Amino acid sequence: MRKLLFQSLLQSPLTEPAPSPDQAAIRELAAAVGSAARQRLGKSLSIREVDAGSCNGCELEIHALNNAYYDVERFGIRFVASPRHADVLMVTGPVTKNMREALLRTYHATPGPKWVIAIGDCARDGGCFAGSYAVAGGVAQIIPVDLHIPGCPPLPLAMLRGLLALLDAAAEGAGSA
């Protein structure tokens, strides 16, 4: 035990360096999402995150959107506790059999117009959990999905780009109708 203690004092930690994304790009992207939300919805974009059985990797990246580094709330993007206040459902993980009914209820409780975003590879098709006795399938097998953001887990910037693409597609669809 003493040997391990001395080794840990002498060795540097085995961690990866933090990524260095461009602050201006983050600010511009988040501002574009906030502006598109206000134009399309006339208000801030409200997101309800639903963990349908994930490993929590995607949740950590979603929570990073709210930390001091990204701070998307300053651009009018906010996470809400109730699906009744949400415009977007962000669903992570493969849908487990225990979460299937809860996800359906959350989807039906969300007022229209609503969008569903499947976050991560597991939400697409079950990922490495596909075929498990406890997994009902990907999110699209349970509720309609408007956008899938790939990755294991996807980066916060990819989620912001996905939100912007979703709002732009919704604006184009409303303009042609």
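Residues numbered from 1 in each chain as written. Predicted model: local features only at pLDDT ≥ 70, side-chain atom pairs only at ≥ 80, totals over all residues. Heavy atoms only, no water.

(A) Layout of the pairing of strand 1 (residues 45–51). A large share of strand 1 lies buried, amounting to 5 of its 7 residues. Across 3 bridges, the pairing between strand 1 and strand 2 (residues 77–79) is parallel. Looking at strand 2, one finds that Leu 45 is bridged to Ile 77. Handedness of the crossover joining strand 1 and strand 2 through helix 3 (residues 57–64) is recorded here as right-handed. (Buried < 20%, exposed > 50% of the residue type's maximum accessible area, 1.4 Å probe, protein only. Helix = DSSP H or I, 4+ residues; strand = E, 2+ residues; numbered from the N terminus. Pairing = 2+ DSSP bridges. Right-handed = clockwise from strand over helix to strand, strands pointing away.)

(B) How the structure looks around the state of the cysteines. Inspection of every chain in the model, using the stated rule, returns 0 disulfides. No disulfide involves Cys 58; its sulfur sits 6.3 Å from that of Cys 55, the nearest cysteine. Left unpaired, Cys 122 is separated from the closest cysteine sulfur, that of Cys 128, by 4.9 Å. (Disulfide = S-S within 2.5 Å.)

(C) Expanded view of the environment of Ser 54. Turning to its location among the elements, Ser 54 is positioned in the loop between strand 1 and helix 3. C-alpha separation for the pair Ser 54 and Gly 127, spaced 73 residues apart in sequence, amounts to 9.9 Å. Ignoring any residue separated from it by four or fewer positions in sequence, one finds Ser 54 in contact with Glu 59, Thr 92, Gly 93 and Pro 94. Only 2.7 Å separates the side chain of Ser 54 from the side chain of Glu 59, close enough to count as a polar contact. (Contact = heavy atoms within 4.5 Å. Polar contact = N/O pair within 3.5 Å; in protein donor to acceptor, adjacent residues only side chain to side chain.)

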